[in-house]
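Take a look at the letters that make up each chain.
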Amino acid sequence: MSQSPFARFQPIAAIATTPKAAQLLQTLSQSTGATLWVPGSLASIENAQIYTSSLKDQIASIWHEYRAFVFCLATGAVVRAIASLVEDKSRDPAVIVIDRDSRFVISLCSGHQGGADELARLIAHQLDATPVLTGASASLNLPGIDILGLPFGWRQGSGDWTKVSAAISRRETVQVIQEVGSTLWQAHLPQGHSFYFGFPDDRESISPKARVWISATKRQFSPDADIPKVQWHPRVLWVGIGCERGTSRQLIEVAIAQVCQHYHLATEAIAGIATIDLKADEPGILEYCRDRNLPLKTFPADSLRQVSTPNPSSIVEREVGTPSVAEAAAILGGLGEVGSRRTEDKGTRRRGNGETGRQLTTNYSKIQNPLIVPKQIVKLEGEPGAVTVAIALSELEYTGRTGQLLLVGTGPGNLEQMTPAAKTAVTGADAVIGYSLYLELIQPLLRPGQIVESLPITQEKQRAQRAIELAQWGLTVAVVSSGDCGIYGMAGLVMEELQALGWNGKIPKVEVFPGITAVVAAAARVGAPLMHDFCTISLSDLLTPWDVIEKRLEAAAAGDFVTALYNPRSQTRTQQIITARGIFLKHRNPNTPVALVRSVYRSDEQISLTTLDKMLEFPIDMLTTVIIGNRSTRRHADWMITPRGYSVS
């Protein structure tokens, strides 16, 4: 099972003070994992925590224990209750307010960094309510600059985030200088955004009002700088370590910090630590990685010996079997992040919102020499031992996240027919991939900052491969199909591709979200034609040989199954529906009821009830679902009914 989209907000507190509010939040808590708090007067509410003090005192006592608060209470009452607790938007929990009729979900506090905007959207989909977002970036359809890099594992550096955000909200020109990290986000900005990428040349008169650096370099910004600046640090630095046995964590930390400072590199940009496998159990290295939440990669001497480095050592080679530990390990650590996922840069150093291709790569499109810091030996006075440090630059940042694939059925096309879980999955995903028509139908569910990629109707395999690529990188990817994704949809293809890659069944995580499929939706529009045994058959011979399809048609007709035909006719494939009708006429009465339902639940829906012998007199195309009744199916008024077999008096 994949992780709930609400997991990133845990722990969540839900606060109710009336029976109606408690009932609403009790149900919501089951889907979000929130802890429900109610006053003593509502002690009979099941699975709720009881507080006996005033509401204001209760919130104050648990304010620092939760990452998000969901109130079903008057907005004014919530404001008064939390006013003295709010400190800084970078530390405050998300605060959400739901009205008592569950029509609106308001992002009240900490919309960006606390995630209140996203949480409001997710809860709104659970309640079929309207999210209310008042932040400027939401109205501009832009991701908040202070959360821009979170999906990619970037670390926030110093700067005046409030003033840069204000410049963006005023639609002023904001210069973006991106030296490292994926530029994928740039291709998914809305038209008319005010970002300017790179440096202007002599012919351009650009006067930015703010600047965003995306770099592995540590910059010091003066408080009285000409324009406000901020910096993001993609995690692209792999630190190779060599040390004597028993070297302390303190010495390792000081050595890395000193080397980074000397070369003006940000420690926030460190992706991980790499060393020889002999050091896999070195306490100082393990403690440093644990405290910094960094991955540790170790390599055997045979692998390290294959790497060409600028400063090999014969002494080191005699000791451990390779002439280089720190430099070779740093290089291998960085290359491991790219591996088979390395893709060609399509010209990412650009200005504006033009095509960049579907790359993941950094601006350093061809890193000829990833070693940017040769080995440095650091010793401390009074501290035994020495540490050798080298740093390499990875072409692809380390996200530090476990990727997820959410295989989503969007139903027949009307958002009202889409499950709340499926809506939540789409809204919560970092990336959404699908056929352009399906993406247009779910447009209201998409949010600023999402990577949204459409591929043509014939490129299903490419869609699956792209989704897997992004998930392997660490993103949460929603792959959307109309109807049910597991019935002629993308679920099977994605899982086949995963299997071909040797997937272990766990990483990336996979969850399938069912949807109302075409046959079920079409049946609902004409009555109850599927009350007895039925089957579905696609007439498209693009992936299935026609002789196999004919055998299935013969079996369904002879077996008296109610039969739904998918993909009945295209512009170039016109004979199949004629042949199918001929097969059924051999086994069914010509007056057998037939339903033709086109674009079910969409704005251009068309429904025709006819008979088997006359069905070809009506328009039929790829958007039509054909339902052929069995021997018992009957028509009554404008309805189609297949008896289940119950006696009717």
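## Focus: the packing of helix α17 (residues 546-558) against helix α18 (residues 575-585)
No. 1: Contact pair α17 / α18: the axes reach a minimum separation of 9 Å and the direction vectors enclose 30°. Here α17 lies roughly parallel to α18, going by the angle between them. As for how α17 packs across α18, the hand of that crossing is right-handed. Note on element contacts: α18 touches α17 through Gln576, Thr579, Ala580, Ile583 and Phe584, opposite Trp546, Glu550, Leu553, Glu554, Ala556 and Ala557.
No. 2: Residues that form the contact of α17 with α18 fall into these classes: seven nonpolar, two polar and two charged.

## Quick word on the nonpolar core
No. 1: Counting 44 residues, the largest nonpolar core has Trp185, Phe195, Val212, Leu405, Val477 and Val494 as the members making the most contacts within it.
No. 2: If one sorts the elements of this core by residue count, helix α14 (residues 460-473) sits on top with six residues.
No. 3: Aside from chain neighbours lying at most four places away, what touches Val494 is Leu405, Leu407, Ala464, Ile468 and Val479.
No. 4: Membership of the second largest hydrophobic core comes to 30 residues, among which are Phe9, Ala48, Ile98 and Leu127.

## Here we look at the pattern of salt bridges
No. 1: Scanning the entire structure with this criterion turns up 29 salt bridges.
No. 2: For the salt bridge of Glu282 with Arg245, the shortest nitrogen-to-oxygen distance reads 3.0 Å. Of the two residues, Glu282 is situated in the loop between β14 (270-276) and α8 (283-292) and Arg245 in the loop between β13 (237-243) and α7 (249-262); the sequence distance between them amounts to 37 residues.
No. 3: Relative accessible area serves as the criterion here: at 0%, Glu282 is assigned to the buried category.
No. 4: Assessed through its relative accessible area of 52%, Arg245 is described here as exposed.
No. 5: Residue Asp604 is joined to Arg598 by a salt bridge in which the shortest nitrogen-to-oxygen separation is 3.4 Å.

## Remarks on the confidence of the model for the protein
No. 1: Averaged over all residues, the pLDDT of the protein is 89; the fraction at 70 or higher stands at 93%.
No. 2: A low-confidence stretch, residues 338-358 stays under pLDDT 50, and its non-local contacts, those more than four residues away or across chains, total 54 contacts.
No. 3: Counting contacts from residues 361-367, a segment whose pLDDT is below 50, to residues more than four positions away or on other chains yields 33 contacts.

## Things to note about the packing of α7 against α8
No. 1: Between α7 and α8, the shortest axis-to-axis distance is 8 Å and the interhelical angle comes to 65°. Handedness of the α7/α8 crossing: right-handed. Residues Arg249, Ile252, Glu253 and Ile256 of α7 touch α8, and the partners they reach there are Gly284, Ile285, Glu287, Tyr288, Asp291 and Arg292.
No. 2: Split by residue class, the contact of α7 with α8 holds four nonpolar, one polar and five charged.

## Some details on the sheet that holds strand β17 (residues 383-393)
Paired through their backbone hydrogen bonds, the strands of a sheet run either parallel or antiparallel.
No. 1: Read across the open sheet, the five strands follow the order β15-β14-β13-β17-β16; overall the sheet is mixed. Of all the strands in the sheet, the pair left with one neighbour each is β15 (296-299) and β16 (371-380). Direction aside, the axes of adjacent strands within the sheet are offset by 25° on average.
No. 2: Pairing between β16 and β17: six bridges, direction antiparallel. The residue bridging Leu380 from the neighbouring strand is Glu383, located in β17.

## Some points on the environment of Ile628
No. 1: Topologically, Ile628 is positioned in strand β28 (residues 624-628).
No. 2: For Ile628, a relative accessible area of 0% gives the class buried.
No. 3: A C-alpha to C-alpha distance of 8.1 Å links Ile628 and Leu565, two positions 63 residues apart in sequence.
No. 4: Setting aside residues up to four positions removed in sequence, Ile628 forms contacts with Phe561, Val562, Thr563, Leu565, Phe584, Arg588, Thr592, Pro593, Val594, Leu612 and Met640.

## Observations concerning the packing of aromatic side chains
No. 1: Taken as a whole and assessed by the stated rule, the structure comprises 13 aromatic pairs.
No. 2: An angle of 70° between the planes, with centres 5.8 Å apart, marks the rings of Tyr66 and Phe69 as edge-to-face. Take Tyr66 and Phe69: they sit in the same class, and that class is buried.
No. 3: On the basis of an interplanar angle of 15° and a centroid distance of 6.2 Å, the ring pair of Phe69 and Phe71 is categorised as stacked.
No. 4: A residue is classified by how much of its surface remains accessible, and Phe69, at 0% relative accessible area, is buried.
No. 5: Positioned over the ring face of Trp213 is Arg219, at 3.5 Å from the centre of the ring.
No. 6: Just above the ring of Trp238 sits the side chain of Lys297; from NZ or CZ to the centre is 4.4 Å.

## A few points about the pairing of strand β4 (residues 68-72)
No. 1: Within β4, five of the five residues are buried, leaving the element largely enclosed by the surrounding structure.
No. 2: Because side chains alternate across β4, one face comprises the buried residues Ala68, Val70 and Cys72, and the other comprises Phe69 and Phe71, equally buried.
No. 3: The sheet contact formed by β4 and strand β5 (residues 94-98) spans four bridges and is parallel. Its bridge partner lying in β5, Phe69 is registered against Val95.
No. 4: Note on the crossover from β4 through helix α3 (residues 75-82) to β5: the handedness is right-handed.

## So, the sheet that holds strand β3 (residues 48-51)
No. 1: If you walk across this open sheet you meet the seven strands as β3-β2-β1-β4-β5-β6-β7, and the pairing is mixed. The open sheet is flanked by β3 and β7 (130-132), the only strands paired with a single partner. When the angles between neighbouring strand axes are averaged without regard to direction, this sheet yields 25°.
No. 2: Strands β1 (12-16), β2 (35-39), β4 and β5 of the sheet are contacted by helix α1 (residues 19-32), whose axis makes an angle of about 165° with β1.

## Quick word on the environment of Lys89
No. 1: Relative to the helices and strands, Lys89 is located in the loop between α3 and β5.
No. 2: What makes Lys89 partly exposed here is its relative accessible area of 36%.
No. 3: On a C-alpha basis, the gap between Lys89 and Glu605 in space is 47 Å, while along the polypeptide they are 516 residues apart.
No. 4: In this structure Lys89 touches Ser110, Gln113, Gly114, Asp146 and Thr162, once residues within four positions along its chain are discounted.

What counts as what
Residue positions are counted from 1 within each chain, in the order its sequence is given. Side-chain atom pairs in this predicted model are given and counted only at pLDDT of 80 or more, local residue features only at pLDDT of at least 70, and totals for whole chains, interfaces and linings cover all residues. Each side-chain value is worked out from all heavy atoms of the structure, with water and hydrogens disregarded. For every element, the axis is a line fit to its C-alpha atoms; helices are fit only across the contacting stretch, and the angle between N-to-C directions ranges from 0 to 180 degrees. Counting from the N terminus, the helices are DSSP H or I runs at least four residues long and the strands are E runs at least two residues long. Oblique is the label for any angle not under 35 degrees, not over 145, and not in the 65 to 115 range, which are roughly parallel, roughly antiparallel and roughly perpendicular in turn. Crossing handedness follows the turn of the near helix against the far one: under a right angle anticlockwise gives a left-handed crossing, and clockwise gives a right-handed one. Contact definition: two residues touch when any of their heavy atoms are within 4.5 Å. Throughout this entry, Asp, Glu, Lys and Arg are counted as charged residues, while Ala, Val, Leu, Ile, Met, Phe, Trp, Tyr, Cys and Pro are counted as nonpolar. The remaining residues, Gly among them, count as polar. What is meant by a nonpolar core is a set of buried Ala, Val, Leu, Ile, Met, Phe, Trp, Tyr and Cys residues, joined one to another through side-chain atoms within 4.5 Å. Classification of residues uses two cut-offs on accessible area relative to the type maximum, computed with a 1.4 Å probe and protein chains only: under 20% is buried, over 50% is exposed, and between them is partly exposed. Each salt bridge in this description consists of a side-chain nitrogen of Lys or Arg and a carboxyl oxygen of Asp or Glu lying within 4 Å of one another. The predictor's confidence in any single residue is recorded as pLDDT, a number from 0 to 100. A pair of strands is labelled paired if DSSP reports no fewer than 2 bridges between them. When two rings of Phe, Tyr or Trp (its six-membered ring) have centres within 6.5 Å they constitute a pair, described as stacked for plane angles under 30 degrees, edge-to-face for angles over 60, and tilted for the intermediate range. Any Lys NZ or Arg CZ that is within 6 Å of a ring centre and within 35 degrees of that ring's normal is treated as a charge sitting over the ring. Place the viewer so that the strands point away; then a crossover is right-handed whenever the path from the first strand over the helix to the second strand goes clockwise.

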